[in-house]
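Topology and contacts: notes
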Amino acid sequence: MTTMDNDDRRASMAEQAHTPRRAGEPGSTEGSTTTTSSSAARRRVSGPTLRDVAALAGVSLKTASRVLNDGPNVSAATREAVQEAMQSLSYEPDPAARSLRAGHDRTVGVVVDSIGDIFFSELAATLESALDAAGYSCLLASSNREADRERDVVRSLVRRRCAGVIVAPSSPTSISEADLAGTPVVFVDRVGSVQGAASVVSDDPGMAYEATRHLLAHGHRRVALLSDSLDLPTTRGRQEGYRRALAEAGIEVDPALTRMQCDDESSAMRQVREVLDLDEPATAIFSCSSRLSLGVVPALHQFGRTDVALVSFGDFTMADSVQPAVTVVDHSARRIAQAAAEALLAHLPPHDPGHGPTGVIEVPARLIPRGTGEIAAPPAPEQTTRA
């Protein structure tokens, strides 16, 4: 028996399980008036079944099931007849029955650091929209960058029979030991280590290198780096690009200018004050995330230091509206999310499972000059000499 025949058998079993039986049929209480009227009531409550659709369309239950599940080997005329019958009867597929037939639900699990992070909130919104257009709902969870929680959440999504999972991994191996039961996985924003998975990322080291070189090209030699935890591969990559640009310019990395533990906007504001109060203060700042930039920009305005150059890794709302407007590395959450959704959907029906993209998929990013990144360094202090 072919796989399709097995699927149809399961479809029929699922359909029968949700179809009330009449008195006198196997499984009913024969001759019981109460049972008959109860069955009729259940039919009215549950609505039309796929068997009703098949009867109205004049096709077999197997054929109606194939149309419902976008199966092959159905003529256009037959497909149209079944779809018209579904519409005429206001037929609503039973999610549990469809899950039984397909082996999974039409839901995709999405796990990000935090929905409160502006990058991940935009990414999640785009994923939800792209998946909805393909007929999949989206189940969202936050890992809070905790590997154990991330693993537990992914396991829970697999147990819920999600069709696939999209994860922003806290580390490359954070879910490598989770039993995925063959569930397709796509990593987003960071590279993950699961065989057969795709990772949709930007070139973090390359774009950080370009951002730092941009500031150096405008005469800056005191460029501060503000970033969050080095536990994240994205942060390490951006620091790597920053250091490479300084090294090529013959500038030593000053530990006083490299602030690695900015956890949120308030800590970013505090670090801005500190790098501006140094004996040799920063004249430019490279902010490693849009979340931190939301603290850097208000700090510069609050301290009256809009003469300090700034490049933000990541765009954010109002970045192009403040004065001066903020120069950003645009590693678009929308483009990354769209590429991640397409990569996962290529592993799901009606596509051929297991034949979607794998490995690293790099989404192009770009530097957008708007004003703050083009502020020139102040003139070097004049050296006085004795006659």
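Values in this document were obtained by computation on a predicted structure and should not be read as measured data.

Before going further, it helps to spend a moment on the packing of helix H7 (residues 118-133) against helix H13 (residues 333-345). Two measures define how a pair of helices packs: the angle their axes make with one another and the distance between the axes. The N-to-C vectors of H7 and H13 enclose an angle of 40 degrees; their axes lie 8 Å apart at closest approach. For the element pair H7 / H13, the angle class is oblique. Where H7 crosses over H13, the two elements pack in a sense that is right-handed. Mapping the contact onto sequence places Phe 119, Glu 122, Leu 123, Thr 126, Leu 127, Ala 130 and Leu 131 in H7 and Ala 333, Arg 334, Ile 336, Ala 337, Gln 338, Ala 340, Ala 341 and Leu 345 in H13. In terms of residue class, the contact of H7 with H13 is made up of 11 nonpolar, two polar and two charged.

All right, on to the environment of Ala 178 then. Position of Ala 178 among the secondary structure elements: in the loop between strand E3 (164-167) and strand E4 (185-188). By relative accessible area, Ala 178 is classed as buried at 9%. Put simply, Ala 178 and Arg 155 are 23 residues apart on the chain and 6.5 Å apart in space, counted from C-alpha to C-alpha. Dropping the residues within four chain positions of it, Ala 178 is found in contact with Arg 151 and Arg 155.

Within the secondary structure, Ser 321 sits in the loop between strand E9 (309-313) and strand E10 (327-330). Of the residues examined, Ser 321 reaches a relative accessible area of 41% and is grouped as partly exposed. Along the backbone, Ser 321 and Arg 370 are 49 residues apart, and their C-alpha atoms lie at a distance of 9.7 Å. Among the polar contacts listed, one links the side chain of Ser 321 to the side chain of Asp 320, at a separation of 3.4 Å.

Glancing now at the sheet that holds strand E5 (residues 198-201). Within the open sheet, the six strands sit side by side as E2-E1-E3-E4-E5-E11. Their pairing is parallel. The outermost strands of the open sheet, each flanked by one partner alone, are strand E2 (137-142) and strand E11 (359-362). Geometrically, the sheet is characterised by an average inter-axis angle of 20 degrees between neighbouring strands, direction not taken into account. In terms of strand pairing, E3 meets E4 through three bridges, oriented parallel. Bridge pairing in E4 places Ile 166 opposite Val 186. In the packing of H7 onto the sheet, the strands contacted are strand E1 (107-112), E2, E3 and E4, and the crossing angle to E1 comes to about 170 degrees. Seen against the sheet, helix H8 (residues 147-159) touches E1, E2 and E3 and runs at an angle of roughly 175 degrees to E1.

Strand order in the open sheet formed by six strands is E7-E6-E8-E9-E10-E12, with mixed pairing between adjacent strands. Edge positions in the sheet fall to strand E7 (258-259) and strand E12 (366-368), since each of these pairs with one other strand and no more. As judged from the three bridges shared by E9 and E10, these two strands associate in the parallel manner. Paired with Ser 312 across the strands is Val 328, a residue of E10. Each of strand E6 (223-226), strand E8 (284-287), E9, E10 and E12 is contacted by helix H9 (residues 204-217), which is oriented at about 170 degrees to E9, the strand it contacts most. Relative to the sheet, helix H12 (residues 290-302) contacts E6, E8 and E9, its axis offset from that of E9 by approximately 160 degrees.

Following the criterion strictly, the structure yields 16 salt bridges and no others. Residues Asp 254 and Arg 222 are paired through a salt bridge, measuring 2.8 Å at the closest nitrogen-oxygen approach. With Asp 254 in the loop between helix H10 (233-248) and E7 and Arg 222 in the loop between H9 and E6, this pair connects stretches of sequence that are 32 residues apart. Residue classification places Asp 254 among the partly exposed positions, given a relative accessible area of 22%. For Arg 222, a relative accessible area of 18% puts it in the buried group. Where salt bridges share partners, they join Asp 113, Asp 117, Arg 145, Asp 189, Arg 190, Asp 228 and Arg 291 into one cluster.

Alternating residues of E5 divide into Ala 198 and Val 200 and Ser 199 and Val 201, and every residue in both groups is buried. The pairing of E4 with E5 spans three bridges and is classified as parallel. Within the sheet, the bridge partner assigned to Val 188 lies in E5 and is Val 200.

What counts as what
Residues numbered from 1 in each chain as written. Predicted model: local features only at pLDDT ≥ 70, side-chain atom pairs only at ≥ 80, totals over all residues. Heavy atoms only, no water. Axes fitted to C-alpha atoms, helices over the stretch in contact; angles between N-to-C directions. Helix = DSSP H or I, 4+ residues; strand = E, 2+ residues; numbered from the N terminus. Parallel < 35°, antiparallel > 145°, perpendicular 65-115°, else oblique. Left-handed = near helix turned anticlockwise from the far one by under 90°. Contact = heavy atoms within 4.5 Å. Nonpolar A, V, L, I, M, F, W, Y, C, P; charged D, E, K, R; others polar. Buried < 20%, exposed > 50% of the residue type's maximum accessible area, 1.4 Å probe, protein only. Polar contact = N/O pair within 3.5 Å; in protein donor to acceptor, adjacent residues only side chain to side chain. Pairing = 2+ DSSP bridges. Salt bridge = Lys/Arg side-chain N within 4 Å of Asp/Glu carboxyl O.

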